[in-house]
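Results of the structural survey
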Amino acid sequence: MSGGGGTYSLENISLEIFAGGDAPKDFSKEKTLIYQYPIYSNGVGVNALYGFSKTAKVKQKPAITVSARGTLGHVMYLEEKFTPIVRLITIIPNENMVKGKYLKYVLSNTSLENTGGLTPQLTVPNIKKIKIQLPSIDKQEQIITKIENLESLIKIEEDFLNTIQQQKESVVSNYLNPS
C-alpha cells in the first residue's frame, strides 16, 4: 500500500487487538536473567511497569498499547517483548499498511470514547471500530520523521528550561535565602 491511502478501521489494519488479562503469578518486581520480560498495566511512564515475567505474551514488534482504565487512553509504542495485564489493550499493527509509530501518533491525538458507565473504560470492540486516515507508507514515514524531529527540538528546549530553572533556584538560594 505504498501508493494510496484511505480510511480504515483499526481492526482492518491490525494483525491483533486484545486486552491483557491477569498478572502472571510467578513474576519479579526487578529485572533478572530469569525474569526479563516487562509486564505493563494501565499507567503512565514508570507507573505502567508492574514487574517482569519469565515469558512474554506479546512477541511481535512493534506493538501499541492503550490504557483502557485509570489513565484512560494513554498510548505507548513498544519495540520489546512484553506481557500486558488487566485491561491494557494491545494492538499489533500490520506494518504493510500502517507503521507502528504512525499509529501511535494518530491514537495519541484521537479522542478515545469512554464506553463505561460509572467506571470509565475502553473496550476492545470499540477500539477495533476506530477509523483513521491512512496515507501511503512513504507519507507515514515522512510524518513520523517530522514528528520525531519536532520531539527532539522540544526535548532540547525542555532541558534548556530546566537548566534555567535550576540556575534561578541557585540564585534564590544563594542570594535571597542566605544561611
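In the block above lies the structure referred to throughout.
Presented here is a report on the structure given in the accompanying data block. Only a predicted model underlies this, so the values are computations on that prediction, with no experimental measurement involved. (Residues numbered from 1 in each chain as written. Predicted model: local features only at pLDDT ≥ 70, side-chain atom pairs only at ≥ 80, totals over all residues. Heavy atoms only, no water.)

Topic: the pattern of salt bridges
Rule in force here: What counts as a salt bridge is simple: a side-chain nitrogen of Lys or Arg found within 4 Å of a carboxyl oxygen of Asp or Glu. Under the scheme applied here, a residue whose accessible area is under 20% of the maximum for its type counts as buried, over 50% as exposed, and between as partly exposed, the area being computed with a 1.4 Å probe on protein chains only. Segments assigned H or I by DSSP are reported as helices when at least four residues long, segments assigned E as strands when at least two residues long, and all are numbered from the N terminus.
For the structure shown, the criterion picks out 4 salt bridges. Here Glu95 and Lys99 are joined by a salt bridge, their closest N and O atoms 3.5 Å apart. The partly exposed category is assigned to Glu95, whose relative accessible area is 28%. Residues Lys155 and Asp159 are paired through a salt bridge, measuring 2.8 Å at the closest nitrogen-oxygen approach. Of this pair, Lys155 and Asp159 both sit in helix α4 (residues 137-176), 4 residues apart, roughly one helical turn.

Concerning the sheet that holds strand β7 (residues 75-78)
As a reminder, the rule being used: A pair of strands counts as paired when DSSP detects no fewer than two bridges linking them. Structural elements are reduced to axes, namely lines fitted to C-alpha atoms, with helices fitted over the stretch in contact, and the angle between N-to-C directions of any two is expressed from 0 to 180 degrees. Any two residues whose heavy atoms approach within 4.5 Å are treated as being in contact.
Spatial strand order, β2-β9-β6-β7: 4 strands in an open sheet with antiparallel pairing. Here the strands that pair on one side only, and so sit at the sheet edges, are β2 (14-19) and β7. The sheet shows a mean angle of 20° between the axes of neighbouring strands, direction not considered. Looking at chain direction, strand β6 (residues 63-66) and strand β9 (residues 89-93) are connected through 3 bridges and run antiparallel. From the neighbouring strand, Val66 faces β9, where its bridge partner is Ile89. Lying on the sheet, helix α2 (residues 100-108) is in contact with β6, β7 and β9; it crosses β7 at an angle near 170°.

What about the packing of aromatic side chains?
Spelled out, the test is: Classification of ring pairs uses Phe, Tyr and Trp, with its six-membered ring standing for Trp, and accepts pairs whose centres are within 6.5 Å; under 30 degrees between planes counts as stacked, over 60 as edge-to-face, and the remaining range as tilted. A positively charged side chain is recorded as over a ring if its NZ (Lys) or CZ (Arg) lies within 6 Å of the ring centre. The angle to the ring normal must also be within 35 degrees.
All told, the structure shown has 2 aromatic pairs when counted by the stated rule. Across from the ring centre of Tyr50, 4.4 Å away, lies the NZ or CZ of Lys29, which sits over that ring.

Side note on α4
What counts is decided by this rule: By this rule, a helix spans an expected 1.5 Å times one less than how many residues it contains.
The end-to-end C-alpha distance of α4, which contains 40 residues, comes to 57 Å, matching closely the 58 Å that a straight helix rising 1.5 Å per residue would cover. Turning to α4, its buried residues are Ile137, Gln140 and Ile144. On its buried face, α4 sits against α2 and β10 (131-134).

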